[in-house]
Amino acid sequence: MAVDSDKIANTSLVALFDVVEGNLQNLKSKLQRSSPGTHSDFGAFLASGADIIVEAASQDAVRTFGRAILEAGKDMMVMSVGALADRNLLAELLQVAAKKGCRIYVPTGAIAGIDAIRSVKHLLDSVTLTTTKSPKALAGAPFFETSKIKLDDVTKSTVIYEGVAAEAVRMFPANVNVAAVLSLAGIGVDKTRVRIVADPQATTNQHEILATGSFGEIRITVNNVPSPGNPKTSFLAVLSAIECLRSICDDGMRIGS
Ligand SMILES: NC(=O)C1=CN([C@@H]2O[C@H](COP(=O)(O)OP(=O)(O)OC[C@H]3O[C@@H](n4cnc5c(N)ncnc54)[C@H](O)[C@@H]3O)[C@@H](O)[C@H]2O)C=CC1
Ligand SMILES: O=C([O-])CC(=O)C(=O)O
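Residues numbered from 1 in each chain as written. Chains lettered and ligands numbered in written order. Predicted model: local features only at pLDDT ≥ 70, side-chain atom pairs only at ≥ 80, totals over all residues. Heavy atoms only, no water.

Engineer: Help me understand the overall build of the protein, please; the structure alone is not making it clear to me.
Structural biologist: On a plain count of helices and strands, the protein comes out with 10 helices and 12 strands. On C-alpha atoms alone, the protein measures out to a radius of gyration of 18 Å, which is about the 18 Å that the 2.2 N^0.38 rule sets for 257 residues. Seen along its three principal axes, the alpha-carbon backbone of the protein occupies a region of about 45 × 40 × 30 Å. By the burial criterion, 44% of the 257 residues in the protein qualify as buried. Partitioning the contacts of the protein with sequence separation of at least 6, the portion at a separation of at least 24 is 67%. Carbon and sulfur atoms make up 50% of the accessible area of the protein, which amounts to about 13,300 Å² in all. Of note, the protein has its 26 positive side-chain charges centred 2 Å away from the centre of its 26 negative side-chain charges. (Helix = DSSP H or I, 4+ residues; strand = E, 2+ residues; numbered from the N terminus. Rg over C-alpha atoms; globule rule 2.2 N^0.38 Å. Buried < 20%, exposed > 50% of the residue type's maximum accessible area, 1.4 Å probe, protein only. Contact = heavy atoms within 4.5 Å. Areas by Shrake-Rupley, 256 points an atom, 1.4 Å probe, with all protein chains shown as cover. Lys, Arg positive; Asp, Glu negative; His and termini not counted. Charge placed at Lys NZ, Arg CZ, Asp CG, Glu CD.)

Here it is as structure tokens:
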């Protein structure tokens, strides 16, 4: 939508891809200036001539299509970053990107402070992400298929999950991709700790980062307005993707590390 409304210089919307035809047509119907090709066939989409593909779909989409995107010599922006917690997939994608001379972009997403975490990554002792969302934003996560916790029974703010990022992104693939971003910038998916809180009173998606080390301490809290179309996803994640694309396509000056 941001590309369509001309908010990002030097860009045009070439093609859309979705496995759900209704979602594809729904998005296309909202466009005012562009008329991209719409594809439910990935091969046809890939042949559409885009320079960069923005993935805003699912971790499965990254696993299924990531390699082919890079093999086709296209840059790729990844929002479902949890997929990259799989070190074999990450290594494979980085290898193909290097071979083809293309780049993988990972926006900061629904958190903040990734610039600082990157700067101190060699000095970190601990990194913990505490994510608080309403039960309706957490509903449907694979975690509940095996857990005894029932979201309908949660009547007050409750820690429902504690573990490391590598597991958290599998258990909550639509909720804590930010844990993978934080891990990639910092001490990795096996050391970054994640706590998930279900709070029936929550009106925002809150992410709190606490990082400690010989550099000092970083504490960052973001209270995100959920995006109108999907309560799991914060509006900041959308804005971050837009800013990432803008900085790729139109940046005379780079601000932040
Ligand atoms: N990195 C970050 O900070 C954040 C990442 N996310 C992640 O970004 C992704 C997109 O988020 P939303 O737009 O809110 O999701 P959404 O669920 O509202 O929309 C995803 C769209 O992608 C399509 N899709 C799903 N799997 C697909 C596949 N394998 N191939 C093609 N199309 C597929 C769906 O049909 C749907 O139309 C999600 O994985 C979400 O968890 C969301 C918020 C923050
Ligand atoms: O948008 C958010 O608050 C975070 C999110 O869903 C994710 O990281 O997958």
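Here the narrative resumes, following the displayed structure.
Engineer: Before we go on, may I ask you to explain the UniProt feature "active site" (unreviewed entry) in the protein in this structure?
Structural biologist: With numbering aligned to this structure, UniProt lists the feature "active site" (unreviewed entry) at His207. Structurally, His207 can be placed in strand 9 (residues 205-213). The class for His207 is buried, based on a relative accessible area of 2%. At 2.9 Å, the side chain of His207 and the side chain of Thr131 are in polar contact. (UniProt positions renumbered as here; feature names shortened; annotations may be inferred. Polar contact = N/O pair within 3.5 Å; in protein donor to acceptor, adjacent residues only side chain to side chain.)

Engineer: Which parts of the structure should I look at to understand the domain arrangement of the protein?
Structural biologist: Think of interface size as the accessible area that goes away when the parts come together; that is how it is often given. What the domain assignment reports for the protein is domain 1 (15-109 + 238-249) and domain 2 (114-227). Centre-to-centre separation of domain 1 and domain 2, based on C-alpha positions: 24 Å. Each partner contributes to the interface: domain 1 provides 13 residues, whereas domain 2 provides 10 residues. Summing the contributions of domain 1 and of domain 2, the shared interface buries around 870 Å²; its carbon and sulfur component is 67%. The largest share of the area that domain 1 buries against domain 2 comes from Gln59, Ala85 and Thr108, three residues that together contribute 46% of it. Run the count over domain 1 and domain 2 and you get 1 salt bridge. Between Asp190 and Arg87 there is a salt bridge, and its shortest N-O distance comes to 2.8 Å. For the side of domain 1 that touches domain 2, the residue count by class is 8 nonpolar, 4 polar and 1 charged. (Domains from an automatic or database assignment. Buried area = accessible area lost by both parts, 1.4 Å probe. Salt bridge = Lys/Arg side-chain N within 4 Å of Asp/Glu carboxyl O. Nonpolar A, V, L, I, M, F, W, Y, C, P; charged D, E, K, R; others polar.)

Engineer: What am I meant to see in the pattern of salt bridges here?
Structural biologist: The full count for this structure, using the stated rule, is 9 salt bridges. Where Lys99 meets Glu71, a salt bridge forms, and the shortest distance between an N and an O atom there is 3.9 Å. Taken together, the residues span a long stretch of sequence, with Lys99 in helix 4 (residues 87-100) and Glu71 in helix 3 (residues 59-71) at a distance of 28 residues. Judged by its relative accessible area of 58%, Lys99 falls in the exposed class. What you see here is one network of salt bridges that share partners, running through Arg67, Glu71, Glu92 and Lys99.

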